[in-house]
Amino acid sequence: MNIVSSKRAVLRATGLGLIASAVPLGWKAWANQPLRPGVQSALIVVDVQNCFIDGGTLPVAKGAEVVPIINAMAPKFANIVVTQDWHTPAHASFASSHAGKKPFETTNLSYGTQVLWPDHCVQGSEDAALHKDLKLPTAQVILRKGHHPLVDSYSAFLEADRKTVTGLGGYLRQRGITDVFVCGLATDFCVAWTALDARDLGFATYVIEDACRAIDLNGSLDQAWKAMLAKGVRRIQSKEIGV
Ligand code: VGL
Ligand code: ZN
């Protein structure tokens, strides 16, 4: 729990919340304190790759807009993890791998329903490279996911079979990270699945809304926010993060 919410919890528990809201100056100023990520926090920058930006194979509307926002936040974080969607050619999540299927239709794979995508983010391709303007010199780990030919992985923690782990949870835990701040592309797929799994693993989880852009397929953006908020993911804006 961060300082602001723990103090609010104390106020609630002691019945002092009403009194506090009636005292405008000190308390109000303090309640508007920015979030200050410490050494126990990590920024997870999800899939800011050419494929998800105009000119790429699965462009997310206005995807490039997140780049300067993420670059500006990066110096506020002691720990940064970057992910890359990193598929084998003819990956099972590609429509082209399934006879008669078109992108954005679904099919059943061994682990359940899978949305089928245009071929995208093939390992080693320019399309799979991080966006050239993304400047994260202090990032410590680049995690590549979706590399098993028959299993997709929106989440940076757990693949779509919901069994195979990427190792990121163990890495963060072993480094003493308790809070994760998630941003990048796309809000309703890889960002949301990463944030939901982070909550399941017990991390305090923030999604930085203005540092994300969505695909929004059949209401997926609304659904993703509902699921995230229901699990206790906190929806924040980059300007709320202080140094
Ligand atoms: C993603 C669809 C397919 C994402 C990755 O990064 O959100 N979406 N693969
Ligand atoms: Zn993918």
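Residues numbered from 1 in each chain as written. Chains lettered and ligands numbered in written order. Predicted model: local features only at pLDDT ≥ 70, side-chain atom pairs only at ≥ 80, totals over all residues. Heavy atoms only, no water.

1. Here we look at the coordination of the zinc ion (ligand 2)
Keep this limit in mind: Think of the donor list as every N, O and S atom within 2.8 Å of the metal, or within 3.2 Å for Na, K and Ca; water never makes the list, so a site can look incomplete. A run of H or I in DSSP becomes a helix once it reaches four residues, and a run of E becomes a strand once it reaches two; helices and strands are each numbered from the N terminus. Residue burial is assigned from relative accessible area. The probe radius is 1.4 Å, only protein chains are included, and a residue is buried under 20% of its type maximum, exposed over 50%, and partly exposed in between.
Summarising the metal site, the zinc ion (ligand 2) is bound by the protein donors D85 (OD), H87 (NE2) and H120 (NE2), whose distances to it range over 2.0 to 2.1 Å. All donors to the zinc ion (ligand 2) come from one chain, and their sequence spacing reads D-x1-H-x32-H. Here H120 lies in the loop between β4 (112–115) and β5 (141–145) and D85 lies in strand β2 (residues 80–85), a separation of 35 residues in the sequence. D85 sits in the buried class, given a relative accessible area of 3%.

2. Quick word on the state of the cysteines
Just so we agree on the cut-off: A pair of sulfur atoms, both from cysteines and within 2.5 Å, is called a disulfide here.
Across all of its chains, the model carries one disulfide by this definition. Each sulfur in the disulfide pair C51 and C121 lies 1.9 Å from the other. Every disulfide takes its handedness from the sign of the S-S torsion; for C51 and C121 that torsion is 65°, giving right-handed. Linking C51 in the loop between β1 (41–46) and α4 (66–73) with C121 in the loop between β4 and β5, this pair joins segments that are 70 residues apart in sequence. For the pair C51 and C121, a shared accessibility class is recorded, and that class is buried. There is no disulfide at C212, and the cysteine sulfur nearest it, in C183, is 6.1 Å away. Judged by its relative accessible area of 4%, C212 falls in the buried class.

3. Remarks on the nonpolar core
Inclusion rule: Here, the term nonpolar core denotes a set of buried Ala, Val, Leu, Ile, Met, Phe, Trp, Tyr and Cys residues that are joined through side-chain atoms within 4.5 Å. Contact between two residues is taken to exist if any of their heavy atoms lie within 4.5 Å; hydrogens are not considered.
I70 and L172 are the most contacted members of the largest nonpolar core, which totals 62 residues. Broken down by secondary-structure element, the contributors of at least two residues to this core are β1, α4, β2, α5 (168–174), β6 (179–185), α6 (187–200), β7 (204–213) and α7 (220–230). Among the elements that take part in this core, α6 stands out by supplying seven residues, more than any other. Those residues in contact with L172 that sit more than four places away from it in its chain are A42, I44, V81, F157, I177, V180 and F203.

4. Observations concerning α7
The cut-off we apply is this: Comment: arc refers to directions from the helix axis out to C-beta atoms.
Turning to α7, its buried residues number three or more, namely S220, A224, W225 and M228. Angular distribution of buried residues about the axis of α7 spans 130°; they occupy a single face of the element. Structural note: α7 exposes D222, Q223, K226 and A230 on the side pointing more than 90 degrees away from its buried face. Along its buried surface, α7 packs onto α6, β7 and β8 (234–236). Immediately downstream of α7, the backbone of G232 shows phi near 90°, a positive value.

5. Description of the packing of aromatic side chains
Under the convention used in this document: Two rings from Phe, Tyr or Trp (for Trp, the six-membered ring) form a pair when their centres sit within 6.5 Å of each other. Planes less than 30 degrees apart are called stacked, planes more than 60 degrees apart edge-to-face, and all others tilted. Note on geometry: a ring has a charge over it if NZ (lysine) or CZ (arginine) is within 6 Å of the ring centre and within 35 degrees of the ring normal.
Within the structure shown, the criterion is met by eight aromatic pairs. Taking 6.0 Å as the distance between ring centres and 25° as the angle between the ring planes, the aromatic pair formed by F157 and F203 counts as stacked. Of this pair, F157 sits in the loop between β5 and α5 while F203 sits in the loop between α6 and β7, placing them 46 residues apart in sequence. Between F181 and Y206 the ring centres are 4.3 Å apart and the planes differ by 10°, which places this aromatic pair in the stacked class. Here the residue F181 occupies a position in strand β6, and Y206 occupies one in strand β7, the gap between them amounting to 25 residues. Grouped by ring-pair contacts, the aromatic residues F104, W117, Y154, F189 and W193 constitute a single cluster. Above the ring of W86, the side-chain terminus of R144 is found at 3.7 Å from the ring centroid.

6. Here's the deal with the site of ligand 1
The condition that has to hold: Any residue with a heavy atom lying within 4 Å of a molecule or strand is counted as near it. Counted as a polar contact is a pair of N or O atoms within 3.5 Å, where, for protein atoms, one must be capable of donating a hydrogen and the other of accepting one, and residues adjacent in sequence contribute only when both atoms are in side chains. All accessible areas in this document rest on Shrake-Rupley with a 1.4 Å probe, and a residue is counted as covered only by the protein chains that are shown. Each cavity reported here is a set of points on a 1 Å grid over the protein atoms alone in which a 1.4 Å probe fits but cannot get out, each pocket an open set with protein on both sides within 12 Å along at least five of seven lines, and each lining residue one with an atom within 4 Å of a point. Grid points define the cavity or pocket, and a molecule sits in it when more than half of its atoms lie within 2 Å of them. Three classes are used: nonpolar for Ala, Val, Leu, Ile, Met, Phe, Trp, Tyr, Cys and Pro, charged for Asp, Glu, Lys and Arg, and polar for all others, with Gly counted as polar.
Ligand 1 sits among D47, F52, L58, D85, W117, H120, Y154, L185, A186, F189, C190 and I215. The side chain of D47 places a nitrogen or oxygen atom 2.7 Å from an oxygen atom of ligand 1. C190 is positioned with one of its backbone polar atoms (N or O) 3.0 Å from an oxygen atom of ligand 1. Calculation on ligand 1 without its partners gives an accessible area of 260 Å², and the protein chains cover 100% of this total. The site holding ligand 1 turns out to be the largest cavity. A breakdown of the residues in the shell around ligand 1 according to their chemical character gives nine nonpolar, one polar and two charged.

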